[in-house]
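# Secondary and tertiary structure notes
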Amino acid sequence: MRIENLTKTYESAAGPVLDDVSLTIGEGHIHGIIGRSGAGKSTLVRCLNKLVTPTSGRVIVSDREITSLDGAALRAARRDIGMIFQHFNLLSSRTVAGNVALPLEVAGVSKADIRRRIPPLLELVGLASKADAYPSELSGGQKQRVGIARALALDPKVLLSDEATSALDPETTEQILHLLKDINRRLGLTILLITHEMEVVRAIASHVAVLEHGRLIENGPTFDVFAFPKSPVARSFLSSIVAHDLPPEIAGRLLPEAHADTDPVLRIVFTGDAAHDPVIATLVEQFRIRPNILHGRIDYIDGKPLGVLTLIAGGLGERLPDVLSYLSSLRLFGEVIGHAVRPAAAGARRAHS
Ligand SMILES: Nc1ncnc2c1ncn2[C@@H]1O[C@H](COP(=O)(O)OP(=O)(O)OP(=O)(O)O)[C@@H](O)[C@H]1O
């Protein structure tokens, strides 16, 4: 799927809601799009199947330019694009099987074929025993499974997921994300995942893009964006997952410049295999540093370890360039983010003031 220079303006006075967005979604990828409320996520996803007509730009799915199509040709092209929604959008008067059958009926598939195609779809989403149940008899997670089976009924090439887990509790969210990942692996289905939760991206997305005020401000493999976010928005989305920023009460005590009574504060980003190296022991033994750990966390993103550790590097002094080159030899990233007043000196400073 290719999105090229997509722009959408609803009301010219309000300015564009999508502003020149370009993005390629690789075949078989799960690509997350994250943004705050009002960033333009729903508008973007609705432009992709032309539920909303973009003001300019193109959307190409499997070499077909969706944005140039209308009428029957557009309806046919939409079969390549399945969609699931936050509030499931099931018909309450139809059974589970009846809801899954709906897109097949609209596409003119014969009754016999529909009867044949429903059971494997329900099997795929773990609802084989619920074919005759009505939506009111299902849990939220089960309703979303029906939504997924319905979205897959016409064998789409791409699945658009618009906040599909936002109405679900954490445990059900995990099960639905697991199901999406499983379907992605088994069918090779490309999934575009619209969300405002980094946990959702972390759980299953191989790539992630960040949307802010209608502009794409970041895009790349999930691990790279998580390890080295460039925008404040991405950093703030990541705050519950990766310890990029110090808690405000610690950050507020750091000084921007070195003084005679301060020690540098070193931030180290651990990625890949080096996350398992005895880095701190080497800093102590080889570089004679007295580390005092301020904040840290190590986690797994896309199956790879990612850690951020911030420490006061007592005794670092002139050895900073050597330490940074040692870290980069392990392909770790290190930087001095400020200076901390030594505890004894802090007491003296307080007494002085
Ligand atoms: N049909 C419409 N007419 C006019 N303005 C609209 C319309 N749909 C959306 N907007 C405006 O476009 C902006 C982006 O909305 P959109 O729903 O695409 O964002 P979002 O990132 O999905 O937000 P949320 O997560 O809150 O749904 C908002 O300012 C919204 O008010």
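Residues numbered from 1 in each chain as written. Predicted model: local features only at pLDDT ≥ 70, side-chain atom pairs only at ≥ 80, totals over all residues. Heavy atoms only, no water.

## Some points on the domain arrangement of the protein chain
We note that the domain assignment places domain 1 (2-238) and domain 2 (248-352) within the protein chain. Each partner contributes residues to the interface: domain 1 has eight residues there, and domain 2 has 12 residues. In this assembly, domain 1 packs against domain 2 so that about 840 Å² is buried in total across both faces, 67% of it on carbon and sulfur atoms. On the domain 1 side of the interface with domain 2, the three residues burying the most area are Arg202, Phe223 and Phe228, jointly 65% of the side's total. Residues Arg202 and Asp299 are paired through a salt bridge, measuring 2.8 Å at the closest nitrogen-oxygen approach. Of all the elements, helix α8 (residues 222-227) adds the most residues to the side of domain 1 that touches domain 2, at four residues. (Domains from an automatic or database assignment. Contact = heavy atoms within 4.5 Å. Buried area = accessible area lost by both parts, 1.4 Å probe. Salt bridge = Lys/Arg side-chain N within 4 Å of Asp/Glu carboxyl O. Helix = DSSP H or I, 4+ residues; strand = E, 2+ residues; numbered from the N terminus.)

## Considerations on the pairing of strand β4 (residues 56-61)
Judged from the four bridges that link them, strand β1 (residues 2-8) and β4 form a sheet pairing that is antiparallel. What sits directly across from Ile3, in β4, is Val59. Strand direction decides the pairing type here: β4 and strand β5 (residues 64-65), joined by two bridges, are antiparallel. Residue pairing for β5: Ile60 is matched across the bridge by Glu65. In this structure, the hairpin formed by β4 and β5 is closed by a connection of two residues, where Ser62 is found at a positive phi of approximately 45 degrees. (Pairing = 2+ DSSP bridges.)

## Focus on the packing of aromatic side chains
Tallied over the full model, the rule gives two aromatic pairs. Aromatic pair Phe228 and Phe333: ring centres 5.7 Å apart, planes at 80 degrees, arrangement edge-to-face. Taken together, the residues Phe228 in the loop between α8 and α9 (232-238) and Phe333 in strand β14 (residues 333-341) connect sequence positions 105 residues apart. Looking at Phe228, the relative accessible area reads 42%, which means it is partly exposed. Residue classification places Phe333 among the partly exposed positions, given a relative accessible area of 34%. A ring pair is formed by Phe287 and Tyr326, whose centres lie 5.5 Å apart and whose planes are at 45 degrees; its orientation type is tilted. (Phe/Tyr/Trp six-rings, centres within 6.5 Å; stacked < 30°, edge-to-face > 60°. Buried < 20%, exposed > 50% of the residue type's maximum accessible area, 1.4 Å probe, protein only.)

## Things to note about the sheet that holds strand β12 (residues 290-301)
Taken in spatial order, the four strands of this open sheet run β12-β13-β11-β14, and their pairing is antiparallel. Sheet topology places β12 and β14 at the edges, where each strand pairs with a single neighbour. Between one strand and the next, the sheet's axes are offset by a mean angle of 15 degrees, whatever the strand orientation. In this structure, strand β11 (residues 262-271) lies alongside strand β13 (residues 304-314), joined through seven bridges in antiparallel fashion. (Axes fitted to C-alpha atoms, helices over the stretch in contact; angles between N-to-C directions.)

## Structural notes on the packing of helix α3 (residues 96-106) against helix α4 (residues 111-124)
Between α3 and α4, whose axes approach to 10 Å, the crossing angle comes to 120 degrees. Looking at the two axes, α3 sits oblique to α4. Read as a crossing pair, α3 and α4 show a hand that is right-handed. Facing α3, whose interface residues are Val96, Ala97, Val100, Ala101, Leu104 and Glu105, α4 presents Ile114, Arg117, Ile118, Leu121 and Leu122. Class assignment for the residues of the contact of α3 with α4 results in nine nonpolar, no polar and two charged. (Parallel < 35°, antiparallel > 145°, perpendicular 65-115°, else oblique. Left-handed = near helix turned anticlockwise from the far one by under 90°. Nonpolar A, V, L, I, M, F, W, Y, C, P; charged D, E, K, R; others polar.)

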